[in-house]
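# Summary of the model geometry
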Amino acid sequence: MAVILGRRVVSARRTPGSFLRFFSASTEYDLCVIGGGPGGYTGAIKAAQLGLKTICVDKRGVPGGTCLNVGCIPSKAMLQASALYHEAKHTFEMRGITGAEGLGADFGKMMANKDSAVKKLTSGIEGLFKRDKVAYSKGWGKITGPNTVTVALNDGGEEVINAKNIMIATGSEIIEKLPFVTVDEEQIVSSTGALELKKVPEKLVVIGGGVIGLELGSVYERLGSKVTVVEFLPTIGGLGIDAEVSKDMQRILKKQGMNFKMSTKVTAVEKTGGALKITTEPAAGGDADVIDADVCLVCVGRREFLDGLGAQEAGIEMDGRKIKVDDCYRTNVPSIFAIGDVVHGPMLAHKAEDEGSMVAEYIATGTKPHLDFNNVPSVVYTHPEVAWVGKTEEMLRAEGVEYKKGKFSFAACVGIEYGASAEDIARVCMAHPTVSEVLKGAAQKASFGKAISG
C-alpha cells in the first residue's frame with residue numbers, strides 16, 4: 001500500500017479474464033460494494049462467506065443504510081413502544097388488569113430506547129463485517145472506472161479501490177422538495193425528522209397515506225396526537241395493495257382515531273405564528289380547505305440515490321430513473337452490477353437483501369439469480385399489521401385471468417404444505433424486519449452452513 005499526495009491507493013494485479021473465488025494474495029478486491037444498507041451489507045457479507053475478497057463503502061459511516069438508521073428499525077421501535085402503551089391504556093381494564101387509568105408516556109425515554117436499538121443493530125453489522133473479514137471504507141464512493149471506486153473518506157483524504165467487480169447498492173432517499181412545501185425537519189418533517197421530534201405534536205397532518213405515513217401516523221395517534229392523513233389516491237396503503245384490504249384497513253385505523261381526507265391534494269403549507277396551515281383541495285378540483293397543524297409529516301415517496309456516484313461518467317445505461325440491468329443484475333458495463341432501489345422492482349429492504357445475496361452468489365459461483373417480484377411481500381406495520389403478496393383481484397380482472405377467492409383469519413404454512421426444502425425456505429424473500437426472518441436464517445444455516453445475520 002502506498003500513500004501518494006494524501007491518496008491511499010490499493011494496487012491492482014489483474015489478469016484479464018481471470019477470477020479468484022478465494023482470497024487472493026494481492027491487495028485487489030474481488031468485489032467492491034457501494035452502499036452499506038440492507039442490500040449492500042447483505043451482498044458484502046454473502047460474498048465474503050463465499051470466499052471473495054470484499055470491501056463495502058458507505059457515506060453514512062455507520063452501516064445499515066436508511067433502514068437501520070432512520071427507517072425500518074427506528075420506526076418499528078416506536079411502533080412497538082407506542083402499541084404497548086396504547087394497549088395498556090385502552091385494553092388492560094377490560095382484560096381485568098387494573099392501574100392503567102393514569103398511565104403516562106415518557107416520550108424522551110421512548111426516543112432514547114429507539115436510539116439504543118438502532119445503535120445495537122448498526123454496531124452488529126460492523127461486527128458481522130469483522131467476523132466475515134469484509135473491509136469497510138467510510139466515505140463517499142464514486143465509480144471512476146470499470147474496476148475502480150474512488151472514496152472521499154469521511155475523515156479526509158481519498159482511497160482508491162480496485163476491484164474485479166462493483167456492486168451498486170446506494171438505495172434511495174426521501175423526496176423532500178415539492179412545489180407546495182419544503183421540508184425543514186423541524187415543523188415540516190420527513191420520516192427522518194418524525195423520528196427525531198422533541199415532543200408529541202397536538203395536531204399532526206400526514207401528507208401521503210402510504211406505508212410510511214400510516215406507520216408513523218399510527219405512532220403519534222397512539223401517543224395522543226390528532227392525526228389527519230391527506231391522500232391523493234382514493235385508497236390508502238400505496239400502490240399494489242388490494243382494494244378490499246385497503247378499505248378494511250382504513251376502517252380499522254379510522255376507528256382507532258385517525259382521520260382521512262381521500263382523493264385530496266395539498267396545494268400549500270404555510271407557517272403562521274408557530275403553527276402550520278395546510279391548504280388542500282379535491283384531486284379532481286373543487287373548493288379549497290385549510291387544516292391547522294403543529295407538525296406536517298411529508299411522506300410522498302422516495303427517489304433513487306445516484307448523486308455523485310459517477311454512473312453517467314462510467315457509461316452506465318439508464319432506464320428512466322433506474323439503472324438498467326440484465327437478468328443477472330449486470331449493467332452494460334460487464335464488471336458493474338446494481339441492486340435494490342436503483343433498479344426496477346419494489347423499493348423494499350428485503351427485496352434488496354435478496355438481490356445483494358443472489359448477485360454475490362452469482363459472482364462467486366456462477367449461479368444465476370432469480371427473484372419474482374410477484375413473490376416479494378409488502379407489509380404495513382400498523383395494528384393490525386397488513387401484508388400482501390402476489391397479484392390483487394384488480395390486477396387479475398384487468399388481465400382477464402380467472403381466479404378463486406378465499407378468506408381466512410390466518411395463513412397456513414405454505415412451505416410445509418408443498419414439501420419445501422430448507423433451501424427453498426432460505427431463498428424465499430421474507431419481509432424485513434419480521435420474526436419470519438428467523439426461520440429464513442435457520443434455513444440458510446441448514447442449506448449453506450452459514451446465515452447472513454448469525
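Residues numbered from 1 in each chain as written. Predicted model: local features only at pLDDT ≥ 70, side-chain atom pairs only at ≥ 80, totals over all residues. Heavy atoms only, no water.

## Side note on helix H8 (residues 349-365)
Counted only if it meets this: Where helices and strands are cited, they refer to DSSP runs of H or I of at least four residues and of E of at least two residues respectively, numbered from the N terminus. Expected span of a helix: the number of residues minus one, times 1.5 Å. To sort residues, take the accessible area from a 1.4 Å probe on protein chains only and compare it with the maximum for the residue type: under 20% means buried, over 50% means exposed, and anything in between is partly exposed.
Between the first and last C-alpha of H8 there are 24 Å, a value that for 17 residues agrees with the 24 Å anticipated at 1.5 Å per step. Most of H8 sits inside the fold, with 16 of its 17 residues counted as buried. Two residues or fewer past H8, Gly 366 is found with a positive phi of approximately 90 degrees.

## Some words on unusual backbone geometry
Negative phi is the rule for most residues except glycine; trans is the rule for most peptide bonds. Cis peptide bonds are those with omega within 30 degrees of zero, and the linkage from His 383 to Pro 384 qualifies with 0 degrees. Tracing the sequence through the fold places Pro 384 in the loop between strand S23 (378-380) and strand S24 (386-388). In this structure, Lys 133 takes a positive phi of about 60 degrees despite not being glycine. The phi dihedral of Tyr 329 falls on the positive side, at around 65 degrees, and the residue is not glycine. Mapping Tyr 329 onto the fold places it in the loop between strand S21 (322-323) and strand S22 (336-338).

## A few points about the state of the cysteines
Rules: Criterion for a disulfide: a pair of cysteine sulfur atoms within 2.5 Å.
In this structure the tally under the stated criterion is 1 disulfide. The disulfide that involves Cys 67 links it to Cys 72, with 2.5 Å between the sulfurs. Residues Cys 67 and Cys 72 are joined through a disulfide that is left-handed, its torsion about the S-S bond being -125 degrees. Looking at the unpaired Cys 299, the closest cysteine sulfur is the one in Cys 296, lying at 9.0 Å. On the accessibility criterion, Cys 299 (14% relative accessible area) is buried. With no disulfide of its own, Cys 328 lies closest to Cys 429 among cysteine sulfurs, the gap being 18 Å. With relative accessibility at 8%, the residue Cys 328 sits in the buried group.

## Focus on the side chain of Ser 75
Stated formally: The term polar contact refers here to a pair of N or O atoms within 3.5 Å; inside protein, the definition further demands a hydrogen-donor-capable atom paired with an acceptor-capable atom, and it admits residues adjacent in sequence only when both atoms are side-chain atoms.
Relative to the helices and strands, Ser 75 is located in helix H3 (residues 72-91). In this structure Ser 75 comes out as buried when scored by relative accessible area, which is 6%. One polar contact links the side chain of Ser 75 to the main-chain carbonyl oxygen of Cys 72, over a distance of 3.0 Å.

## Details of the sheet that holds strand S15 (residues 264-272)
Our working rule: Pairing between two strands is assigned when DSSP locates at least 2 bridges connecting them. For helices, the fitted axis covers only the stretch in contact; all axes are lines through C-alpha atoms, and the angles between them, taken along N-to-C directions, range from 0 to 180 degrees.
Taken together, 3 strands build an open sheet; the order of strands is S15-S16-S17 and the sheet is antiparallel. The sheet is open, and its two edges are formed by S15 and strand S17 (289-293), each paired on a single side. Averaged over all pairs of adjacent strands, the angle between their axes in this sheet comes to 25 degrees, without regard to strand direction. Pairing geometry for S15 and strand S16 (residues 275-282), over 8 bridges, is antiparallel. Following the sheet pairing, Thr 264 is matched in S16 by Pro 282.

## Some words on the packing of H3 against helix H4 (residues 107-131)
So the rule is basically this: Small angles under 35 degrees read as roughly parallel and large ones over 145 as roughly antiparallel, with 65 to 115 read as roughly perpendicular and the rest as oblique. Handedness of a crossing follows from how the near helix is turned relative to the far one, being left-handed for an anticlockwise turn of less than a right angle and right-handed for a clockwise one. Any pair of residues with heavy atoms lying within 4.5 Å of one another is described as a contacting pair. All amino acids are sorted into three groups, where Ala, Val, Leu, Ile, Met, Phe, Trp, Tyr, Cys and Pro are nonpolar, Asp, Glu, Lys and Arg are charged, and the leftover types, Gly among them, are polar.
Close contact between H3 and H4 brings their axes to 9 Å; oriented N to C, the two are set at 140 degrees. One finds that H3 runs oblique with respect to H4. At the point where H3 passes H4, the crossing takes the right-handed sense. Residues Ile 73, Pro 74, Ala 77, Met 78, Ala 81 and Ser 82 of H3 lie in contact with H4, whose contacting residues are Phe 107, Met 110, Met 111, Lys 114, Val 118 and Leu 121. Split by residue class, the contact of H3 with H4 holds 10 nonpolar, 1 polar and 1 charged.

## Let's talk about the confidence of the model for the chain
For clarity, the cut-off: On a scale of 0 to 100, pLDDT captures the predictor's confidence in every residue.
Confidence in the prediction of the chain, expressed as mean pLDDT, is 89, and 90% of residues score 70 or more. Considering only residues more than four positions removed or in separate chains, one finds that residues 408-413, a stretch of pLDDT under 50, has 0 contacts.

## Quick notes on the sheet that holds strand S13 (residues 226-230)
Taken in spatial order, the 5 strands make up an open sheet running S11-S18-S12-S13-S14, and their pairing is parallel. Edge positions in the sheet fall to strand S11 (188-189) and strand S14 (259-261), since each of these pairs with one other strand and no more. Relative to strand S18 (residues 295-298), S11 is paired through 2 bridges, and the arrangement is parallel. Bridging from a neighbouring strand, Ile 188 pairs with Cys 296 of S18.

## Describing helix H12 (residues 436-448)
For clarity, the threshold we go by: Throughout, the arc means that of the directions going from the helix axis to the C-beta atoms.
The terminal C-alpha atoms of H12 lie 18 Å apart, and with 13 residues this matches the ideal 18 Å at 1.5 Å per residue to within 8%. What H12 keeps buried is the set Lys 440, Gly 441, Ala 443 and Gln 444. For H12, the angular spread of buried residues about the axis comes to 165 degrees, placing them on one side. Along H12, the residues that are exposed and aim more than 90 degrees away from the buried face are Val 438 and Ala 446.

## Regarding the pattern of salt bridges
Put simply, the rule is: Think of a salt bridge as a Lys or Arg side-chain nitrogen and an Asp or Glu carboxyl oxygen that are within 4 Å of each other.
Per the stated rule, a full pass over the model turns up 24 salt bridges. Lys 138 is paired through a salt bridge with Glu 126; the nearest N and O atoms lie 3.9 Å apart. Here Glu 126 lies in helix H4 and Lys 138 lies in strand S5 (residues 135-145), a separation of 12 residues in the sequence. Residue Glu 126 is classed as partly exposed on the basis of its relative accessible area, which comes to 26%.

## With respect to the packing of aromatic side chains
Note the following rule: Each aromatic pair joins two rings of Phe, Tyr and Trp (for Trp, the six-membered one) with centres within 6.5 Å, and gets the label stacked for planes under 30 degrees apart, edge-to-face for over 60, and tilted for any other angle. Consider the ring centre and the ring normal. A charge sits over the ring if Lys NZ or Arg CZ is within 6 Å of that centre and within 35 degrees of that normal.
Scanning all chains against the criterion turns up 4 aromatic pairs. When the ring of Trp 140 is compared with that of Phe 305, the centres are 5.8 Å apart and the planes differ by 55 degrees; the resulting orientation is tilted. Here Trp 140, found in strand S5, pairs with Phe 305, found in the loop between strand S19 (302-304) and strand S20 (318-319); they are 165 residues apart in sequence, far enough to count as distant. With relative accessibility at 35%, the residue Trp 140 sits in the partly exposed group. Sitting over the face of the ring of Trp 140, Lys 59 holds its NZ or CZ atom 6.0 Å from the ring centroid.

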